[in-house]
Amino acid sequence: MDYTVIIGLEVHVQLQTRTKLFCGCSTRFNPDHPNTQTCPVCLGLPGALPVLNREAFHLGMKTGLAINCEIPSFTKWDRKQYYYPDLPKAYQISQYDLPMSQNGWLEIEIDPETRETKKVGIIRAHLEEDAGKNSHDESGRGHDSKVDLNRCGTPLVEIVSEPDLRSAQEARKYLEELKLLLTYIDVSDCNMQEGSLRCDANVNLHIHQENGETIPTPIVEIKNLNSFRGVEQAIEFEVKRQWEAWQETKLSLHDVPKETRGWDADRGITLEQRGKEEAADYRYFPDPDLAPVTVTDAEREKVSSELCERPALRRNRLESEYELSAYDAAVIIDQGLAFADYFEQVAKGCQNGKQAANWVTQDVLRELKEKGLEISSFTIKPEILAALLEKVERSEITTKSARTVFQELINSEESELNAASVQSIIEDKGLAMVSDTGALEAAVQAVVAKNEKAVADFQSGKQAAVGALIGQVMREVKGADPKVVRELLIEKMS
Amino acid sequence: MSNTSATASELLAKMNSGEVSSEEITAACLEEIARRDNSINAFLSLQAETALETAREVDRKRKAGEPLGKLAGIPVALKDNICAKGATTTCASKMLEAFTPPYDAHIVEQLRAADAVLIGKTNLDEFAMGSSTENSAFKTTANPWNTKCAAGGSSGGSAAAVAAGFAPLSLGSDTGGSIRQPASFCGVVGLKPTYGRVSRYGLVAFASSLDQIGPFARDVTDAALLLETIAGKDQRDTTSLDADVPSYTKNLEQPLENLKVGYIEHLHAEGLHEDVKAATQQALEVYKSLGAELIPVELPHAKYCVATYYIIAPSEASSNLARYDGVHYGYRAKQFDNMIDMYAASRGEAFGDEVKRRIMLGTYALSSGYYDAYYLKALKVRRLIRNDFEQAFQKVDIIASPVTPTPAFEIGELVDDPLAMYLADIFTTSANLSGIPGVSVPAGMSQNKLPIGLQLLAPPLEEERLLRAARMFERETDWHRQRPE
Ligand SMILES: [Zn+2]
């Protein structure tokens, strides 16, 4: 007897609008100054009315189109009603039966070895307003709980996947790919620490009986997943727990209502939450304060045309266009849109994709990590790096010299850097590859004459002896091509 | 006419000629309130000091020849469900007894810009739910014509204030007749505009798809003047209509040519009071004498109006009033065990019976399993009612009918019979359900010396037609000049 894991994810993504979904308040993350980014509308004061933020709708459409959804020509707003202190109107403006986008998919790679991919279905993606944040007294002294409504009314898009995911790793992969996509199309920063990407997972097992029957176990919704690792660990835990529960109780999905459990990251377990789900009747109804939204073909096309190349396609293109390994292409894409742009500018400028990939994934990336920088604030602009690599490509300097130049560039003031910087550093340091064979041959001659023992060693078969001599020649003639030096030395000694 | 019984237009003329100042008018209104509001109970709060300050400032501007707004120096009363900075907005509920909004409603901004003098906040049925102000948590407004009788509701305080000489103009809100019915009971003009004609921003919501703010006045001209001051698109209310606001006063005196007046032959004929029936009949005769054509119209779904209304309005109310939970503002119970208990105790203690009744009706109608049978069906019937009017207005320009089946009833007479109270909304709810404008104009007196109103309805955004038709009638009659003793 075995089982299949069935997972569907509900992801809430905060859209990066300047203002909230239905009022003009700032959406800035500002937990240190609670309730300063509020107004009568998002405070839910009597008599205040919501007004749709068109930019949020626009970003919602972009999101929907990027995950291959249909954007219906008519969509409306509904009130989801429940009582909670972080929800001042006692209803959340959301979308119920006519979401703004539906029936899409997102492709993920499920096996890095075979490069096998899978299309994960997306049921819907709709817009809604976020709630505020409660903070409770944890001292146990029974002080009042507090509510911060700065976040209240921030635009969210909720993306609901089909239960197409079959393992915790697939779930993580889906989330990672989704995050990458949404940051590429610039709709969200997807910052999980600040809560701009939050995930709930619906998990159950399909138990395969020996008689060929399949029995679904009760569905559990895991809440409070705020890291990729958390999603993976929580699902793994839940799969194990459900398998054990099944063996013990034999309860199926039809015997028990959907259960909500919270992920306790510190203890690494899921815990039962109060059975809110079974009692909840949100009494959805169309919000009479907001007119439905209509979307024309022209608007859909306009938003579609604004979408950049999606990361999955770009990853494939980098592999074929620049002959990169799958690994390098993935590393570059995973760093985000600006980094991928940087790479392509360098690659185009120096005419060697592989070389550009080596440099940006190693030297540039190391530098960024050490200094905690984003590529956008990296002082060596792509045209400068391209100019440097072009010198290597044209054998005007050695790779080793290029690293020296690179260090020089990093140590320079950004304002001093320009296209000519590379050349002037090469000249200052005398790193230009020496093509004057006369000077080189003279140096080789001198070194061979000075090192009788090494020559004898070489002649008796010790190839390693050449190495020491190469160094000596290079010291004499800066910028000499070590390959050429080696050839000349061997010629002379043989 | 004295300063407390004159119309706003008359007072504006007197102020412009220097005969009287705004300060004098405002003071006269405040004196009248001090003298008689203890028996009428029209006001929940007065802003006497700021009113006099504003009046003096307007007087100064007028003297200095500075530009003045349309209502410069005219005292205006506001129903206490309209937010105005610095004044409590209680909705006549214990729940909001101490609530002072930090912002002005759109129409309050308009009134301030028009240099009106905001004099006080008037009584209403709690959260505008009722037809008599008996559901106010604080007081019951008496009818200035007979203090044993109800002023009507829910905007009873605003209607009574204008009738009693406390303010020449006031504002109310109309969700199912809450302006037209008290106007009829108190013998003043009351107009419910087209849904969306006036911004709802700052009107505490009862039923969002039905609520409209509208004017009370002593004659049609004043109603036109006040409407043109407050009407128009407001970016903060997406349901407000983006249509030009004509000057309603400009062509008011021009009678409508070839006017076709529709009337309803077979509606609620049994329950209709003889005096109301007679007044309506006489009003139709007046139109006939002015050369109008009287044409019977069919509104086949009108009989479902009250039922439809009492599903849609409570459903929306149950949602709109959910925010009063004792967490962020408003009343909070002193004793509770936990959060859920705090919600229940706060709401249980601070809401009155009628509000609770409607919250329960609405919560039920929106519950899963009942939504389709009640709310969704009501929305469908609403569409049919709207279609009825569209069809009727193909044939006629306006529709005339009674406002209420009876003149003002006695205070206490219907409190134990909510259903009878609901059924009296038979003539008024259709205008809210179909979004069309309607007006009540004084059109008679019952044998017991109580005013009777005539309701006129027009197609959406045809307020100009509605007011001109009302003015045609008013010119031929004397009812609007009568004042209670
Ligand atoms: Zn706000």
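About the criteria used
Residues numbered from 1 in each chain as written. Chains lettered and ligands numbered in written order. Predicted model: local features only at pLDDT ≥ 70, side-chain atom pairs only at ≥ 80, totals over all residues. Heavy atoms only, no water. Helix = DSSP H or I, 4+ residues; strand = E, 2+ residues; numbered from the N terminus. Rg over C-alpha atoms; globule rule 2.2 N^0.38 Å. Contact = heavy atoms within 4.5 Å. Areas by Shrake-Rupley, 256 points an atom, 1.4 Å probe, with all protein chains shown as cover. Buried < 20%, exposed > 50% of the residue type's maximum accessible area, 1.4 Å probe, protein only. Lys, Arg positive; Asp, Glu negative; His and termini not counted. Charge placed at Lys NZ, Arg CZ, Asp CG, Glu CD. Salt bridge = Lys/Arg side-chain N within 4 Å of Asp/Glu carboxyl O. Pairing = 2+ DSSP bridges. Axes fitted to C-alpha atoms, helices over the stretch in contact; angles between N-to-C directions. Buried area = accessible area lost by both parts, 1.4 Å probe. Phe/Tyr/Trp six-rings, centres within 6.5 Å; stacked < 30°, edge-to-face > 60°. Lys NZ or Arg CZ within 6 Å of the ring centre and 35° of its normal. Donors = N, O, S within 2.8 Å, 3.2 Å for Na, K, Ca; no water. Tetrahedral: all angles 85-135°; square planar, octahedral: opposite > 155°, others 65-115°. Domains from an automatic or database assignment. Core = buried A, V, L, I, M, F, W, Y, C linked by side-chain atoms within 4.5 Å.

Notes on the overall build of chain A
Part 1 of the reasoning: Along its length, chain A carries 16 helices and 16 strands.
Part 2 of the reasoning: Whereas a compact globule of 494 residues would reach a radius of gyration of roughly 23 Å, chain A reaches 31 Å, over 25% beyond that.
Part 3 of the reasoning: With the C-alpha coordinates of chain A rotated into their principal frame, the extents come out at 95 × 60 × 55 Å.
Part 4 of the reasoning: In chain A, 70% of the contacts between residues at least 6 apart in sequence involve partners at least 24 apart.
Part 5 of the reasoning: Element-wise, carbon and sulfur atoms account for 48% of the exposed surface of chain A, whose accessible area totals about 23,700 Å².

Focus on the overall build of chain B
Part 1 of the reasoning: When you go through chain B residue by residue, the secondary structure sums to 15 helices and 13 strands.
Part 2 of the reasoning: In terms of overall size, chain B behaves like a compact globule, its C-alpha atoms giving a radius of gyration of 21 Å where 485 residues would be expected to give roughly 23 Å.
Part 3 of the reasoning: Viewed in the frame of its principal axes, chain B has a C-alpha envelope of about 65 × 50 × 45 Å.
Part 4 of the reasoning: Across the 485 residues that make up chain B, the buried fraction comes to 64%.
Part 5 of the reasoning: Counting only carbon and sulfur atoms, one obtains 49% of the accessible surface of chain B, whose full area is about 17,600 Å².
Part 6 of the reasoning: With 48 positive and 61 negative side-chain charges, chain B shows a spacing of 3 Å between the two charge centroids.

Points about the pattern of salt bridges
Residues and elements named next belong to chain A.
Part 1 of the reasoning: Within the structure shown, the criterion is met by 58 salt bridges over all chains.
Part 2 of the reasoning: Across the salt bridge formed by R172 and E232, the nearest N and O atoms sit 2.7 Å from each other. With R172 in helix α2 (residues 168-184) and E232 in helix α3 (residues 228-249), the pair connects residues that are 60 residues apart, well separated along the chain.
Part 3 of the reasoning: Of the residues examined, E232 reaches a relative accessible area of 17% and is grouped as buried.
Part 4 of the reasoning: The partner of R314 in a salt bridge is D341, with the nearest N and O atoms 2.7 Å apart. Of the two residues, R314 sits in helix α6 (residues 311-321) while D341 sits in helix α8 (residues 337-350), which places them 27 residues apart along the sequence.

Observations concerning the sheet that holds strand β3 (residues 78-81) of chain A
Two modes of strand pairing occur in sheets, parallel and antiparallel, and in both the strands are linked by backbone hydrogen bonds.
Residues and elements named next belong to chain A.
Part 1 of the reasoning: Sheet architecture is open: three strands sit in the order β4-β3-β15, paired in antiparallel fashion. Only two strands of the sheet have a single neighbouring strand rather than two, namely β4 (91-94) and β15 (285-286).
Part 2 of the reasoning: Examined bridge by bridge, β3 and β4 share four bridges and lie antiparallel to one another. For K80, the partnering residue across the bridge sits in β4 and is Q92.

Re the sheet that holds strand β9 (residues 260-264) of chain B
All names here are of chain B.
Part 1 of the reasoning: The 11 strands are arranged β1-β3-β2-β6-β8-β7-β12-β13-β11-β9-β10 in an open sheet whose pairing can be described as mixed. For this open sheet the edge positions go to β1 (43-46) and β10 (293-297), each flanked by a neighbour on one side alone. This sheet shows a mean twist of 30 degrees between the axes of neighbouring strands, independent of strand direction.
Part 2 of the reasoning: The pairing of β9 with β10 spans five bridges and is parallel. Counterpart to Y263 in the pairing with β10 is P296.
Part 3 of the reasoning: The sheet strands contacting helix α4 (residues 106-113) are β2 (75-79), β3 (117-122), β6 (169-174) and β8 (212-217), and the helix crosses β2 at an angle near 175 degrees.

Quick notes on the interface of chain A and chain B
Part 1 of the reasoning: With 31 residues of chain A at the interface, the matching set in chain B holds 39 residues.
Part 2 of the reasoning: At the boundary of chain A with chain B, total buried surface from both sides reaches about 2,700 Å², with 59% on carbon and sulfur atoms.
Part 3 of the reasoning: If you sort the residues of chain A by the area they bury against chain B, A:P46, A:L49 and A:Y83 come out on top, with a joint share of 24%.
Part 4 of the reasoning: One can count one salt bridge joining chain A with chain B.

Description of the packing of aromatic side chains
Part 1 of the reasoning: Considering all chains together, one arrives at 26 aromatic pairs over all chains under this definition.
Part 2 of the reasoning: Measuring from ring centre to ring centre gives 5.6 Å for A:F22 and A:W77, while their planes differ by 90 degrees; the resulting arrangement is edge-to-face. Pair noted here: A:F22 is in the loop between β1 (2-14) and α1 (54-66) and A:W77 is in the loop between β2 (74-75) and β3, with a separation of 55 residues, a long-range link.
Part 3 of the reasoning: An angle of 15 degrees between the planes, with centres 3.9 Å apart, marks the rings of B:Y310 and B:Y422 as stacked. Of this pair, B:Y310 sits in helix α9 (residues 305-320) while B:Y422 is found in helix α13 (residues 418-423), placing the two residues 112 residues apart along the sequence.
Part 4 of the reasoning: Looking at B:Y422, the relative accessible area reads 10%, which means it is buried.
Part 5 of the reasoning: Connected via pairs of aromatic rings, a cluster forms that spans B:F99, B:F127, B:Y324, B:Y329 and B:F351.
Part 6 of the reasoning: It is A:R54 that lies over the ring of A:F57; its NZ or CZ is 5.7 Å from the centre.
Part 7 of the reasoning: Here the basic side chain of A:K80 rests over the ring of A:Y282, its NZ or CZ set 4.4 Å away from the ring centre.

Side note on the coordination of the zinc ion
Residues and elements named next belong to chain A.
Part 1 of the reasoning: Looking at the zinc ion, the protein donor atoms are C23 (SG), C25 (SG), C39 (SG) and C42 (SG), and they sit 2.3 to 2.4 Å from it.
Part 2 of the reasoning: Taken together, the four donor atoms coordinating the zinc ion and their angles of 100 to 118 degrees define a geometry best described as tetrahedral.
Part 3 of the reasoning: Summarised as a motif, the one-chain spacing of the donors to the zinc ion is C-x1-C-x13-C-x2-C. Each member of the pair, C39 as well as C42, carries the same accessibility label: buried.

Overview of the pairing of β1(A)
All names here are of chain A.
Part 1 of the reasoning: Counted residue by residue, β1 has 10 buried out of 13 residues, so it is predominantly covered.
Part 2 of the reasoning: Relative to strand β10 (residues 197-208), β1 runs antiparallel, the two sharing 12 bridges. From the neighbouring strand, Y3 faces β10, where its bridge partner is I207.
Part 3 of the reasoning: As defined by bridge partners, β1 adjoins strand β9 (residues 155-161) across five bridges and the pair is classed as antiparallel. Pairing of E10 across the sheet is with V160, part of β9.

Quick look at the domain arrangement of chain A
Part 1 of the reasoning: Taken domain by domain, chain A comprises domain 1 (10-196 + 277-298), domain 2 (309-429) and domain 3 (437-493).
Part 2 of the reasoning: Put simply, the middle of domain 2 of chain A and the middle of domain 3 of chain A, counted by C-alpha atoms, are 33 Å apart.

Concerning the nonpolar core
Residue and element names in this part refer to chain B.
Part 1 of the reasoning: Counting 82 residues, the largest nonpolar core has I107, L111, L171, Y287 and L456 as its most contacted members.
Part 2 of the reasoning: Take this core: its biggest share by element is seven residues, from helix α7 (residues 220-230).
Part 3 of the reasoning: Residue contacts for Y287: discarding those within four places in its chain leaves L259, V261, A292, L294, L454, L456, A469, A470, M472 and F473.
Part 4 of the reasoning: If you look at the next biggest cluster of nonpolar residues, it comprises 69 residues, including Y103, L321, L366 and L379.

A look at the environment of A:V477
Residue and element names in this part refer to chain A.
Part 1 of the reasoning: Position of V477 relative to the elements: it lies in the loop between α15 (465-476) and α16 (482-493).
Part 2 of the reasoning: Classification of V477 by relative accessible area gives buried; the value is 11%.
Part 3 of the reasoning: Measuring from C-alpha to C-alpha, the distance between V477 and V444 comes to 9.7 Å, with 33 residues separating the pair along the chain.

Details of the pairing of β10(A)
Residue and element names in this part refer to chain A.
Part 1 of the reasoning: In terms of burial, β10 is largely enclosed, as nine of its 12 residues are buried.
Part 2 of the reasoning: Looking at chain direction, β10 and strand β12 (residues 220-225) are connected through four bridges and run antiparallel. Bridge assignment links N202 to a residue of β12, and that residue is E221.
Part 3 of the reasoning: Pairing geometry for β10 and strand β11 (residues 214-216), over three bridges, is antiparallel. By the bridge assignment, H208 is partnered in β11 with T214.

Digging into the side chain of A:S161
Part 1 of the reasoning: Positionally, A:S161 belongs in strand β9.
Part 2 of the reasoning: What makes A:S161 buried here is its relative accessible area of 4%.

Topic: the environment of B:A279
Residue and element names in this part refer to chain B.
Part 1 of the reasoning: Structurally, A279 is set in helix α8 (residues 274-289).
Part 2 of the reasoning: For A279, a relative accessible area of 6% gives the class buried.
Part 3 of the reasoning: With 163 residues separating them along the chain, A279 and P442 place their C-alpha atoms 9.8 Å apart.
Part 4 of the reasoning: Not counting chain neighbours up to four residues away, the residues in contact with A279 comprise A443 and I452.

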